[in-house]
Amino acid sequence: MSLAEEIQRRRTFAIISHPDAGKTTLTEKLLLYGGAIDRAGSVKAREGGGAAHSDWMAIEQERGISVTSAAMQFEYRGYAINLLDTPGHQDFSEDTYRALTAADSVVMLLDCAKGVEEQTKKLFRVARERRLPIFTFVNKLDRPGREPVELIDEVEELFGLHAVPMTWPIGSGPDFKGVYVRATGQVQVFERSRAGRKARVAGQGSLDDPEIAALLTAEELQRLKDDVDLMEHVLPAFDREAFRRGEQSPLFFGSAVNNFGVAEFLDEFLDLAPAPGPRPLNDGGEVSPGQPFTAFVFKVQANMNKAHRDRVAFARIVSGRFERGMDALHVRERKSIKLNYPHMFFGRERAIVDEAFPGDILGLINPGLFRIGDVLSAAGAVEFHAVPRFSPEQFCSVRLADPGARKGFLKGLQQIAEEGVVQVFWPKGGAPLPILGAVGRLQFEVLAHRLKGEYACPVLLEPRNFQMARWLTGGWPEPSKYWGELVEDGEGNPAILFENDWQRRTTAEKNPGIGFREHPPR
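Residues numbered from 1 in each chain as written. Predicted model: local features only at pLDDT ≥ 70, side-chain atom pairs only at ≥ 80, totals over all residues. Heavy atoms only, no water.

**A word on the confidence of the model for the protein**
Mean pLDDT over the protein: 87, with 89% of residues reaching 70 or higher. In the model, residues 41–57 has pLDDT below 50 throughout and makes 49 contacts with residues more than four positions away in sequence or in other chains. Low confidence marks residues 63–68, where pLDDT is under 50. Its contacts with residues over four positions away, or in another chain, come to 29 contacts. (pLDDT = per-residue confidence, 0-100. Contact = heavy atoms within 4.5 Å.)

**What to know about the sheet that holds strand S28 (residues 468–473)**
Strands sit in the order S27-S24-S26-S25-S29-S30-S28-S31 across an open sheet of eight strands; the sheet is antiparallel. Looking at the sheet topology across the chains shown, the edges are occupied by strand S27 (459–463) and strand S31 (515–517). Mean inter-strand twist for the sheet, computed between neighbouring axes without regard to direction, equals 40°. Bridge count for strand S29 (residues 485–489) against strand S30 (residues 494–498) is four bridges, and the pairing is antiparallel. Looking at S30, one finds that Glu-485 is bridged to Leu-497. Contacts from helix H11 (residues 406–418) reach strand S24 (394–400), strand S25 (423–427), strand S26 (435–438) and S27 within the one sheet, and its direction differs from that of S25 by about 130°. Along the sheet face, helix H13 (residues 501–510) touches S28, S30 and S31 and points at about 135° away from the line of S30. (Pairing = 2+ DSSP bridges. Helix = DSSP H or I, 4+ residues; strand = E, 2+ residues; numbered from the N terminus. Axes fitted to C-alpha atoms, helices over the stretch in contact; angles between N-to-C directions.)

**Notes on the packing of aromatic side chains**
Across all of its chains, the model carries 19 aromatic pairs by this definition. For the ring pair Phe-238 and Phe-243, a centre distance of 5.9 Å and an interplane angle of 50° mean the geometry is tilted. On the accessibility criterion, Phe-238 (24% relative accessible area) is partly exposed. Consider the rings of Phe-425 and Trp-471, whose centres lie 5.9 Å apart with planes at 50°: the pair is tilted. Here Phe-425, found in strand S25, pairs with Trp-471, found in strand S28; they are 46 residues apart in sequence, far enough to count as distant. Pair check on accessibility: Phe-425 and Trp-471 agree, each one buried. Among the aromatic residues, those joined into a ring-pair cluster are Phe-13, Phe-135, Phe-137, Phe-238, Phe-243, Phe-252, Phe-265 and Phe-269. (Phe/Tyr/Trp six-rings, centres within 6.5 Å; stacked < 30°, edge-to-face > 60°. Buried < 20%, exposed > 50% of the residue type's maximum accessible area, 1.4 Å probe, protein only.)

Right, dumping it as structure tokens:
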């Protein structure tokens, strides 16, 4: 298959939502219908059920939440699909933001009862800034919820985005029986299946098909006909170009837990979602998928394989054909490296690959060589737009439960900090242990859990009153002209931690020759 053909069959996307909207469940069901697993919660050919396959970390399985992005590839209908399952909890939004830099489109998941929630708004804005085409999937139709038209209006009002229904629900709550597929004019009536299995179609046909009339009550059928009439004559028609421009969002209804409407969504998603396209450069140019190999690291993860205690850098291929063992320029290090052991991942499972293409996510064994944002290139030095990194808003001090475990603690902290879970600050006056910063407090729980479980190093965390960090340019402030604590971050960059905005403003006023940057230097 030619490079152009491989590019056209790639679909790389992320799912975003507020916590508890059913994101990980939808991920599992897409894998189920894509043939990647034979039962939700278990790998194909494995026995029994289990935790969500995308939630491979121990704390994710214990708490039932996603705290890190997972990359999974599977084949369906001749397409190579790269699915990025992202954390929904706001404390891990930074990991989600980074995953979105690797996506070509986004599926926005809504709870049919709650509609658009706060975290969804934040993630939508990030997707819109990146000009990503956005699909909308309204989930949990098996529970009582709001009227479809009300949800459509809310999406348009909040986002300025025309939500165009591609399917329409038949009933809701315990009376949810199936969907009407707008593109084909077909009604799909489902039978409830055993947990984790594909939904069975009890009947399929047009609105006037006697088989459909036998499966629905007269009232249900008439309401569906009225809803279809509304959809066809009042609501806007789908326009592919308006979708690509970010003016429309194709809207689907379903119940991921019952598998209703999932296959219909997946089939239309593959037809509508964009293949990998050009990616902008810092110098104003762009790299097209057909050019020589380039990729960027958007995620680093330690201890995915406890037997090897290895670190993996996840790199999104932007352009060109990747071949195992090829040489590429490590742009930040300004040296050529050989990429001998590339992996494709499915949650925690991995397999060495001999070739990969734009849109694919490579896992590269990382002996401390890669950082988030690093660029690999067979086309000379190029610089893509920086992968987002945010200023922490929560801070704590750390103490070791066992003072003799300091060496293991520093190793574990360094590796986990490389993933972006926390940021490390060393007091300028010297201190045996650092101050830690994070976007959300739950990230500290993840750190403590992983230090204990992966590095046998239990720690005690004590909250600090700092509210913000600022990185300094132009030198350190004089001793009598600052409020806050002077620190260096994990890479030696000078910074200062402030307890409130008054300290920041006063320090800035007394040090006009010093810059106070909200984000760390790349």
